[in-house]
There are 2 protein chains.
Amino acid sequence: MSLLVTGSIGIDTVETPFGKRESVIGGSAIYFAYAASFFTPVRLVGVVGEDCPPHYFDVFKQRDVDLGGLERRKGSKTFRWHGRYHEDVNVRDTVSVDLNVLAERAPKIPQNYTDSRYVFLANTHPALQREMLCCLEQPRLIVADTMNLWIQTERDELVKLMKQVHGLVLNDEESRLLTSKTNVIEAARDVLKLGPKFVVIKKGEHGCVMCSASDTFVLPAFPADKVIDPTGAGDSFAGGMMGYLATQGGGLSPATIKRALAFGTVVASFTISDFSLAGLQAATRDAIDQRWFEYKQAMSF
Amino acid sequence: MSLLVTGSIGIDTVETPFGKRESVIGGSAIYFAYAASFFTPVRLVGVVGEDCPPHYFDVFKQRDVDLGGLERRKGSKTFRWHGRYHEDVNVRDTVSVDLNVLAERAPKIPQNYTDSRYVFLANTHPALQREMLCCLEQPRLIVADTMNLWIQTERDELVKLMKQVHGLVLNDEESRLLTSKTNVIEAARDVLKLGPKFVVIKKGEHGCVMCSASDTFVLPAFPADKVIDPTGAGDSFAGGMMGYLATQGGGLSPATIKRALAFGTVVASFTISDFSLAGLQAATRDAIDQRWFEYKQAMSF
């Protein structure tokens, strides 16, 4: 089933204890789309400025990612982000961020994408996320991501969005900010009261928690002894998860969601093994399946 | 198989967001012994001062815990600890700590305990931990815990101890301090180079990591939406783990260790559900087995 993603596309500069990469491709929709494309065809909707080098999108040449929803806007500049990770790569500083084109009007969803059944609204202004939903004809599964900024400044819009989506993905810090609960399980249950059928709380190196009305489960991250660049891990996780779900059809049983979270976990472990998209580019579906099986074995006792 | 534990016995005062308990029974050996006694007979070696109310040990009346190694030392005072947990119960301040009798000579291991095959050296000065080992005739499995203080002030002694034990249990912060590695998997592998055959790194609400030469696996904590008092969680975890291992005999296969870690995880989830020992006192072996099964199911996909 075709999977639609809308989110940011950026030009990133990243510094980690293992080196620096300047002006590399990044953004939530990019990581998500690449990660999901291991499982299902992806339709990417996003906008860049005219400064974005066309060769950036060569990374998708061998992938089943439809770039028909990619807008190159004249007179605008691409979103830029510069981050610096500490020796403890779980901590990062934002050196600079320029929203540029992301602060302008949202890109349009092409007419031939309106039949998309699986939709991921990567992090952006919740009003724009809601706008995207309007033109979808019969979505089967809509999952949204969000961030601190919107929880703090656009809570009303976010609350409206949460009534329109099936799932919400956010990190532990964001879940605390949204619910004022420090316990992550309690926070997850409070999120459910706001509308989504399920919530996934990402805890970085500590894995994730999924809560629905009937189930709560936790999965650890894939044990990685070298994290080169954590950028995009959460978006890749979401991409792996949604990519797998889009292939499953039918209802979302707890077992299906759990397997999907495990695929997300494994795909993210490839992302963090190198800078920018290099970790994902080095992956194959076979390598993902093999690591998934190892992970499954490691979890069972 | 009989399991010997040596460690602290204390009079605790604990404040958490859910209340305060003054002068309640605590200490690493106490939590460990109670937790392990769900699985196997336990021999407790520890020392208190003459101020310790005899009724404190009534908690063990229904348990298979041999208190023959408990010394009540005249003229000495019992170890006291006062801790205060933040709204986020993963963070705590030590309001006061009085080593008292723990700063004196170690208690003796009774002659009839020297045949113990399974031994847990709960956290205390590493020189004392080594002293304990001298009188053991044929230990099959020795596991030690430690803490920041000894890593910082008694590293040489600790390094000597690590060559004499099979397993080391410590928390993530301690593992970073010991190895100067921020990545927990890398830290675990560095610990192995110091001698132990396996190392378990406890990550509190984020579960644990086990590393040996041939295996690495991670387990999440049991999802708990209400943590009343986290005191003793790590010691209960170790108690559940060692208690189970002591019943297994034979070699320690990766599968056996994994099941043991899962029992430790589940037992700790009872501990944190109430103040002091009340959570463990409310548990039964049946309830532990049932929760263990739920946890196992939640992990498999």
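Structure: see above.
Below, the structure is looked at part by part. None of the values given here were measured: they were computed from a predicted structure.

**Quick look at unusual backbone geometry**
Residue and element names in this part refer to chain B.
- The residue Ser23 is not glycine, and still its phi comes out positive at about 50 degrees.
- When you line up the elements, Ser23 lands in strand 3 (residues 19-26).
- Taking the relative accessible area as the measure of exposure, Ser23 reaches 36% and is therefore partly exposed.
- The backbone phi angle of Ser276 is positive, close to 45 degrees, even though this residue is not glycine.

**A short note on the sheet that holds strand 7 (residues 92-98) of chain B**
Residue and element names in this part refer to chain B.
- The four strands are arranged 3-2-6-7 in an open sheet whose pairing can be described as mixed. Pairing within the sheet leaves two strands with one partner each, and these edge strands are strand 3 and strand 7. The mean angle between the axes of side-by-side strands here comes to 15 degrees, regardless of whether they run parallel or antiparallel.
- Here strand 6 (residues 79-85) runs beside strand 7; their pairing, made up of six bridges, is antiparallel. Considered in strand 7, the bridge of Gly83 is made with Thr94.

**Some remarks on helix 2 (residues 126-134) of chain B**
Residue and element names in this part refer to chain B.
- Taken together, the buried positions of helix 2 are Pro126, Leu128, Gln129, Met132 and Leu133. Projected down its long axis, helix 2 shows its buried positions confined to an angular sector of 160 degrees, all on one face.
- If you follow the buried residues of helix 2, they end up packed against strand 1 (3-6), strand 8 (118-121), strand 9 (141-145), helix 3 (148-153) and helix 4 (155-162).

**Concerning the packing of helix 5 (residues 172-179) of chain B against helix 6 (residues 184-193) of chain B**
All names here are of chain B.
- Direction vectors running N to C along helix 5 and helix 6 enclose 60 degrees, while the axes themselves pass 9 Å from each other. Classified by the angle their axes make, helix 5 and helix 6 are oblique. The two elements helix 5 and helix 6 cross, and the hand of that crossing is left-handed. Mapping the contact onto sequence places Asp172, Ser175, Leu178 and Thr179 in helix 5 and Val184, Ala187, Asp190 and Val191 in helix 6.
- Each residue belonging to the contact of helix 5 with helix 6 can be placed in one class, and the counts come to four nonpolar, two polar and two charged.

**A few points about the side chain of B:Ser116**
Residue and element names in this part refer to chain B.
- Topologically, Ser116 is positioned in the loop between strand 7 and strand 8.
- Residue Ser116 is classed as buried on the basis of its relative accessible area of 1%.
- Here the side chain of Ser116 touches Tyr113 through a polar contact of 2.7 Å, landing on its backbone oxygen.
- Residue contacts for Ser116: discarding those within four places in its chain leaves Leu4, Arg43, Gln138 and Pro139.

Cut-offs and rules
- Residues numbered from 1 in each chain as written.
- Chains lettered and ligands numbered in written order.
- Predicted model: local features only at pLDDT ≥ 70, side-chain atom pairs only at ≥ 80, totals over all residues.
- Heavy atoms only, no water.
- Helix = DSSP H or I, 4+ residues; strand = E, 2+ residues; numbered from the N terminus.
- Buried < 20%, exposed > 50% of the residue type's maximum accessible area, 1.4 Å probe, protein only.
- Pairing = 2+ DSSP bridges.
- Axes fitted to C-alpha atoms, helices over the stretch in contact; angles between N-to-C directions.
- Arc of directions from axis to C-beta.
- Contact = heavy atoms within 4.5 Å.
- Parallel < 35°, antiparallel > 145°, perpendicular 65-115°, else oblique.
- Left-handed = near helix turned anticlockwise from the far one by under 90°.
- Nonpolar A, V, L, I, M, F, W, Y, C, P; charged D, E, K, R; others polar.
- Polar contact = N/O pair within 3.5 Å; in protein donor to acceptor, adjacent residues only side chain to side chain.

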